[in-house]
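# Chains, contacts and geometry: an overview
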Amino acid sequence: MTITPENHSAPLVAVVGATGKQGGSVIQALAASHKSYRVRGFTRDATKSAAQELRKLGVEVVQVAFVVDNQAQVDEAFSGADFAFLVTDFWEHLSLAREVAEGKLMIDAAKAARVSGIIWSGLPSFTKLSTGKYTNVYHFDGKALVTEYGRQSGIPFVDVQAGFYGTNFLASPHAPVKRASEYVLALPMKASTVVPFLDVDRDYGLFVRYVLELETFPDGAEFVAYSEKLTMQELVDRWAHATSKDIRYVQLSMEEFKQRFEDANLPPHILLDMVEALSGWDEFGWSTTDIPPDLAGCLTSWDAFVKSTDWSQILG
């Protein structure tokens, strides 16, 4: 079933970040559903090629900036929507305060439009997970604050968190580095630390579609989108086998890892964020929900992701 803009009985889903990884995945999942949807996709630049491709799918593409001083246009953007998928991008502005403000702005606009349900891409709070030990993981804690606001909004609200992107391994600091005849993945986590792997482009949207297609919208529910949980050692072993490359995992000290970021001239608060994120993850773990049975056979395994990905830039 394709997206059917002319079928006014089909629910209208408003999707933030339509040309990004998560929003784009949501739209592709809805387009592949056996059910009919109307989709309104938001982007900051409706002229780029990704937006043009969405129009070919039948998506109503709307150019809008989700910033606090643009409230009137943001409110108008959600008008008539039945459901809203919301996501923010901390890495665009590197500001917890701005991410929280923009998340709240979107929730308020969706509420004003009287949507039947909001699906939000949140993350857990490392401040809470660590009982106050790690308080500077801004890119997690900001989303957790938005989640709290959404749950208090009075609108049915579901949090669908994204697991660890497989594409993170395509770039520093998560990419392997060549040393002599082998490639070394060096991170400040134990080899036994568990990764909830996600092929975000193919699979994230399937979790959002699952929520939308439940018989009753599961207000208050939380899902973590991932296909399988692997230890760092398992991940590297299977990566090496699938690529026929000699890849080895090495645990760095936190000071060694911090030096790698300092060499990249990151802002001090972002350096602190990244160091505490991996320290907290290593020490306290990343709690995940079970994969819904209906999705288990549809998701992309780590092996399949590795085989379908071009690693030539980092693995030679």
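Computed from a prediction, not measured in an experiment: that's the story for all the values here.

### Digging into the packing of aromatic side chains
On inspection of all chains with the given rule, the structure shows 21 aromatic pairs. Counting every residue linked through ring pairs, the aromatic cluster contains Phe 126, Phe 140, Phe 164, Phe 169, Phe 197, Trp 239, Trp 281, Trp 286, Trp 302, Phe 305 and Trp 311.

### Some words on the UniProt feature "domain: NmrA-like" (unreviewed entry) in the protein
Within this structure's numbering, the places UniProt gives as "domain: NmrA-like" (unreviewed entry) are residues 12-284. Its end C-alpha atoms 39 Å apart, residues 12-284 is made of 43% helix and 21% strand.

### Regarding the packing of helix α10 (residues 254-263) against helix α11 (residues 268-284)
Angle between the axes and distance between the axes: these two values describe a pair of packed helices. Closest axis-to-axis distance for the α10/α11 pair is 10 Å, and the angle between their directions is 150°. Considered as vectors, α10 and α11 are oriented roughly antiparallel to each other. Read as a crossing pair, α10 and α11 show a hand that is right-handed. Between α10, through Met 254, Phe 257, Lys 258, Phe 261 and Glu 262, and α11, the contact on the second element is made entirely by Leu 271, Met 274, Val 275, Leu 278 and Ser 279. Across the contact of α10 with α11, the residue classes break down as seven nonpolar, one polar and two charged.

### Some thoughts on unusual backbone geometry
Most peptide bonds are trans, and most residues other than glycine sit at a negative phi. A cis geometry characterises the amide bond from Ser 172 onward to Pro 173, with omega recorded as 10°. Among the secondary structure elements, Pro 173 is positioned in the loop between β7 (164-165) and β8 (177-179). For Leu 94, which is not glycine, the phi dihedral falls at a positive 60°. Residue placement: Leu 94 occurs in the loop between α4 (90-93) and α5 (96-112).

Thresholds applied
- Residues numbered from 1 in each chain as written.
- Predicted model: local features only at pLDDT ≥ 70, side-chain atom pairs only at ≥ 80, totals over all residues.
- Heavy atoms only, no water.
- Phe/Tyr/Trp six-rings, centres within 6.5 Å; stacked < 30°, edge-to-face > 60°.
- UniProt positions renumbered as here; feature names shortened; annotations may be inferred.
- Helix = DSSP H or I, 4+ residues; strand = E, 2+ residues; numbered from the N terminus.
- Axes fitted to C-alpha atoms, helices over the stretch in contact; angles between N-to-C directions.
- Parallel < 35°, antiparallel > 145°, perpendicular 65-115°, else oblique.
- Left-handed = near helix turned anticlockwise from the far one by under 90°.
- Contact = heavy atoms within 4.5 Å.
- Nonpolar A, V, L, I, M, F, W, Y, C, P; charged D, E, K, R; others polar.

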